[in-house]
Structure formats: structure tokens, C-alpha cells
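# Structure assessment
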Amino acid sequence: MARVVIFSGAGISAESGLSTFRDTDGLWEKYRIEEICQAGCLSWNRENTLTFYDARREQLSSVTPNAAHYALSQLQEKYPNNIAIITQNVDDLFERAGCKDVLHLHGFLPRLRCEQCGATHLIGYTKQERTFTCKECGGSFRPDIVFFGEPAPMYEHLYEAMEECQFLVIIGSSGNVVAMDHFALHVKVSILNNLEPSDAINERVYTKVLHQKATEAVDEIVEDIERFMQG
Ligand SMILES: [Zn+2]
């Protein structure tokens, strides 16, 4: 198991130009969260929900990974068995930067999932064909995204990874959706890198706090990890 866990949220993707539901501009502004990404939306508001994710895939195709994604990818290449990348983000920017085995806690935007049997299907950045059905069971597909109020089965892998983790880095996560402070208490080193303090995070439990953009902080983070790996 990896000794270093890099846990990220919307902040790292924001620097590539992807807007999030906490932003007041862009794609999310036209929609209400309760109508397009909450459990049940696919039943009562299916077409609008699918259209929203079509638009998000299109937006994803227009952005590229940033320096933070690439720096972490290079680090992982250097220590392939010791750097676990875990993200709340549903975009593929880590993968496009070359990262391997990225754990997506909340799903993966370029992928659809069968509503009946769970089989998945990559569609990249294209629109979801509404009549497309599952080869395995004939069921209909949905975006492979964990909506608010739905079970998130990948959390189990987060807990497993944290059992072995000695060095935790949190990048661009407000702590509102996934609380990480308690993990920071049980590792040797913890770095928190957010643009600004968050009400949902107790910064005093972290070894180091960097109030910077991820692309600005990443070199220092990588240096600290390398020193830890060599020491
Ligand atoms: Zn199926």
C-alpha cells in the first residue's frame, strides 16, 4: 500500500478552468443542484440531468491538466507503488497528465454506468446516446457520477488507503463534502493546500498549511514528499 496519499478536490481542477457547484459563474449557474445532481433526479428530471452532464463532458474536453496534475504525475512515476492519488473530482485531468490508478470517490465523468447491473462504458466527451442500452442486461445508462444522497462505494478504498498512509496531502478541498481532519491526526506528516481557510477544516491538526494555488504550492509539496521518501 502507498505511504503517501494525495487527496484532492475541486480546487485543483478549478485552475484548469473547470467550474464547480460552489462557483457562481459558468455551467452550474443555470441549474439548481437539487434538480441535476441529487438522488432521484434521474427519475423525475431525467432529460435535464443528462443534458447537464453532456454539457459538463463538453466543457471537460475544452480544458487541459495544469502544472499541479503534471508534477504529481511525475512524482508518482518516480515512486509508482507509494503515491496514491485519491480525488473527489469526476474529471480525467489526472489521467490525462499520466497518473495511474486514480481513485475517483464520486465517479468519473467520461464514463456511463448501467442503472441495472452496474456495467460501465466509456464515452469520452461525447453526448450520452439516449437510446443506448446495456449489452449485458438491456438496462439504461446514467452518468457514472455519485449524486448527493447516493451511496459512494469507493469510500471504502479511501479508508483502506488511509490505514497505511504516513504522509497525507490535501489539495483544493474545502472539507465540506469529505472530512479529512481526523486522518491528519494519525499520519506522520500532513500538508493542507487550499487557497483560503475553510470553516469545515481545523488547520491546527496539519503539519503544514499552504494558502496558495495548487500550481504554486505543488513544488514545495513534491520536495517535502521526496525528502520523506528518502529519509
Ligand atoms: Zn446492465
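All figures in this text were calculated on a predicted structure; none of them were measured in a lab.

### A short note on the environment of Ala200
Tracing the sequence through the fold places Ala200 in the loop between strand E8 (189-193) and strand E9 (208-210). A residue is classified by how much of its surface remains accessible, and Ala200, at 30% relative accessible area, is partly exposed. C-alpha of Ala200 to C-alpha of Arg32: the two residues are 168 residues apart in sequence and 23 Å apart in space. Contact partners of Ala200, with chain neighbours within four places excluded, come to Ser174, Gly175, Asn176 and Asp181.

### Here we look at the UniProt feature "binding site: Zn(2+)" (unreviewed entry) in the protein chain
According to UniProt, the positions carrying the feature "binding site: Zn(2+)" (unreviewed entry) are Cys114, Cys117, Cys134 and Cys137. Taken along the chain, the residues just named run across 24 residues; in space they keep tight, none of their C-alpha pairs more than 8.6 Å apart. Structurally, Cys114 is set in strand E4 (residues 107-114). Each residue touching Cys114, except ones within four places of it in the same chain, is listed here: Ala119, Cys134, Cys137, Gly139, Ser140 and Phe141. Along the chain, Cys134 turns up in the loop between strand E5 (120-122) and strand E6 (141-145). Take Cys134: its relative accessible area is 5%, and that puts it in the buried class.

### Here we look at a negative patch on the surface
Negative charge collects at one region of the surface, where Glu156, Glu160, Glu163 and Glu164 lie side by side. By the secondary structure assignment, Glu160 is in helix H7 (residues 155-164). For Glu160, a relative accessible area of 34% corresponds to the partly exposed category.

### Brief notes about the coordination of the zinc ion
In the first shell of the zinc ion, the protein supplies Cys114 (SG), Cys117 (SG), Cys134 (SG) and Cys137 (SG), at 2.3 Å from the metal. If you list the donors of the zinc ion from N- to C-terminus, the spacing comes out as C-x2-C-x16-C-x2-C. Of this pair, Cys114 sits in strand E4 while Cys137 sits in the loop between E5 and E6, placing them 23 residues apart in sequence. Take Cys137: its relative accessible area is 33%, and that puts it in the partly exposed class.

### Remarks on unusual backbone geometry
Phi is positive for Asp101, which is not a glycine, with a value near 50 degrees. Looking at where Asp101 falls in the secondary structure, it is placed in the loop between helix H6 (93-96) and strand E3 (103-104).

### Examining the UniProt feature "active site" (unreviewed entry) in the protein chain
Look at the UniProt record and you will see "active site" (unreviewed entry) annotated at His106. Setting aside residues up to four positions removed in sequence, His106 forms contacts with Thr87, Gln88, Val90, Asp144, Ile145, Val146, Tyr155, Val177 and Val178.

### Things to note about the sheet that holds E9
Read from one edge of the open sheet, six strands run E3-E2-E1-E7-E8-E9, paired in parallel fashion. The open sheet is flanked by E3 and E9, the only strands paired with a single partner. Summarising the sheet, strand E2 (residues 83-87) and E3 pair through two bridges and their orientation is parallel. Pairing of Thr87 across the sheet is with His104, part of E3. Against the sheet, helix H9 (residues 214-230) contacts strand E1 (4-8), E2, strand E7 (167-171), E8 and E9, and its axis sits at roughly 175 degrees relative to E7.

### So, the pairing of E8
For E8, a buried count of five out of five residues is recorded, marking the element as mostly surrounded by other parts of the structure. Burial of E8 is two-sided: the residues Val189, Ile191 and Asn193 facing one way and the residues Ser190 and Leu192 facing the other way are all buried. As paired strands, E7 and E8 are joined by five bridges and run parallel to one another. If you follow Val169 over to E8, its bridge partner there is Ile191. Bridge count for E8 against E9 is three bridges, and the pairing is parallel. Across the sheet, Ile191 pairs through a bridge with Lys208, a residue of E9.

### Considerations on the packing of aromatic side chains
The tally for this structure, following the rule as stated, stands at five aromatic pairs. Centre to centre, the rings of Phe52 and Tyr53 are 5.0 Å apart; their planes meet at 80 degrees, and the pair counts as edge-to-face. Tyr53 shares its class with Phe52; the two are buried. Taking 6.3 Å as the distance between ring centres and 35 degrees as the angle between the ring planes, the aromatic pair formed by Tyr159 and Phe183 counts as tilted. Remark: Phe183 occurs in helix H8 (residues 181-184) and Tyr159 occurs in helix H7; sequence separation between them is 24 residues. The class for Phe183 is buried, based on a relative accessible area of 13%. Ring pairs connect the aromatic residues Phe52, Tyr53 and Phe147, which therefore count as one cluster. Directly above the aromatic system of Phe147 lies the positively charged group of Arg142, at a separation of 4.6 Å from the ring centroid.

What counts and what doesn't
Residues numbered from 1 in each chain as written. Predicted model: local features only at pLDDT ≥ 70, side-chain atom pairs only at ≥ 80, totals over all residues. Heavy atoms only, no water. Helix = DSSP H or I, 4+ residues; strand = E, 2+ residues; numbered from the N terminus. Buried < 20%, exposed > 50% of the residue type's maximum accessible area, 1.4 Å probe, protein only. Contact = heavy atoms within 4.5 Å. UniProt positions renumbered as here; feature names shortened; annotations may be inferred. Patch = residues over 30% accessible without salt bridge, like charges linked within 9 Å, V, L, I, M, F, W, Y side chains within 5 Å. Areas by Shrake-Rupley, 256 points an atom, 1.4 Å probe, with all protein chains shown as cover. Salt bridge = Lys/Arg side-chain N within 4 Å of Asp/Glu carboxyl O. Lys, Arg positive; Asp, Glu negative; His and termini not counted. Charge placed at Lys NZ, Arg CZ, Asp CG, Glu CD. Donors = N, O, S within 2.8 Å, 3.2 Å for Na, K, Ca; no water. Pairing = 2+ DSSP bridges. Axes fitted to C-alpha atoms, helices over the stretch in contact; angles between N-to-C directions. Phe/Tyr/Trp six-rings, centres within 6.5 Å; stacked < 30°, edge-to-face > 60°. Lys NZ or Arg CZ within 6 Å of the ring centre and 35° of its normal.

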